[in-house]
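Residue-level structural notes
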Amino acid sequence: EIPLRLVGSEMCIRDRPLMEWLVPVLIVVGVILLIGIYLWATYNSLVQLNVRVDEAWSGITVQLKRRADLIPNLIETVKGYASHEKAVFENVTRARAETLSAGSPGEAGIAEGHLQQALRSLFAVAEAYPQLQASQNFLQVQQALVDTEDKIQAARRFYNGGVRELNTKIKVFPNNLFAKGLGFTEREFFEVADSGAISEPPRVQF
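Let me sum up the structure you'll find in this document.

About the criteria used
- Residues numbered from 1 in each chain as written.
- Predicted model: local features only at pLDDT ≥ 70, side-chain atom pairs only at ≥ 80, totals over all residues.
- Heavy atoms only, no water.
- Salt bridge = Lys/Arg side-chain N within 4 Å of Asp/Glu carboxyl O.
- Helix = DSSP H or I, 4+ residues; strand = E, 2+ residues; numbered from the N terminus.
- Buried < 20%, exposed > 50% of the residue type's maximum accessible area, 1.4 Å probe, protein only.
- Contact = heavy atoms within 4.5 Å.

**Structural notes on the pattern of salt bridges**
As enumerated under the stated definition, the model contains seven salt bridges in all. Asp 69 is the partner of Lys 65 in a salt bridge, and the nearest nitrogen-oxygen pair spans 3.0 Å. Separated by four residues within a single helix, Lys 65 and Asp 69 lie in helix H1 (residues 4-79), roughly one turn from each other. Residue Glu 76 is joined to Lys 79 by a salt bridge in which the shortest nitrogen-to-oxygen separation is 3.6 Å. With Glu 76 and Lys 79 both in helix H1 and three residues apart, this pair spans about one turn of that helix. With relative accessibility at 33%, the residue Lys 79 sits in the partly exposed group. Each of Arg 67, Glu 112 and Glu 149 takes part in one network of salt bridges that share partners.

Put into structure tokens, the structure is as follows:
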């Protein structure tokens with residue numbers, strides 16, 4: 001009879017090569033699995049941030065469009081008292097068209113600064129006409145415009161916060177190694193060329 005001790009020893013010798021390659025394989029599989037989980041979680045996170053930025057920008061465009069719809073009525077109201085201020089009306093109309101045609105946050109930021117300056121000139125004209133300032137139509141349009149300006153600024157802060165978070169996640173290591181390969185790129189901030197122009201929404205002092 002073959003001693004049991006000898007049989008067990010031979011089995012251990014035969015199993016040793018199996019263990020020698022099985023352990024590294026398990027380690028490699030584990031590492032690949034961890035990398036896969038990380039990529040999956042990171043991809044989903046980037047998708048969510050990207051969608052959040054898109055939604056935030058959509059909110060801004062809604063408010064920009066709402067303000068653009070108010071401006072013609074404002075111009076006509078002021079024009080009824082100061083029809084000779086053609087240059088001011090033309091500047092506001094041109095700046096309004098620029099905001100509507102802006103194709104990116106960068107372009108919208110430049111257009112925003114131009115419109116704010118044009119509106120300030122328009123309200124400066126209105127201040128010279130007490131009857132205009134007392135006009136119910138002017139007061140309603142002016143208040144609606146101020147409310148919209150406040151909403152634009154709030155939407156702008158929300159959008160820029162989302163862009164900052166998305167861009168940071170794209171740029172940090174190791175995300176910067178594969179984020180662009182997955183289709184994610186840094187987004188533009190909605191910055192106004194003349195930041196002082198929107199530090200305070202255009203208001204008429206009575």
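There's more to say after this.
**Some remarks on the side chain of Arg 67**
Among the secondary structure elements, Arg 67 is positioned in helix H1. Since its relative accessible area comes to 1%, Arg 67 is described here as buried. Residues within four places of Arg 67 in sequence aside, it is in contact with Thr 99, Glu 112, Leu 115, Gln 116, Leu 145, Thr 148, Glu 149 and Ile 152.

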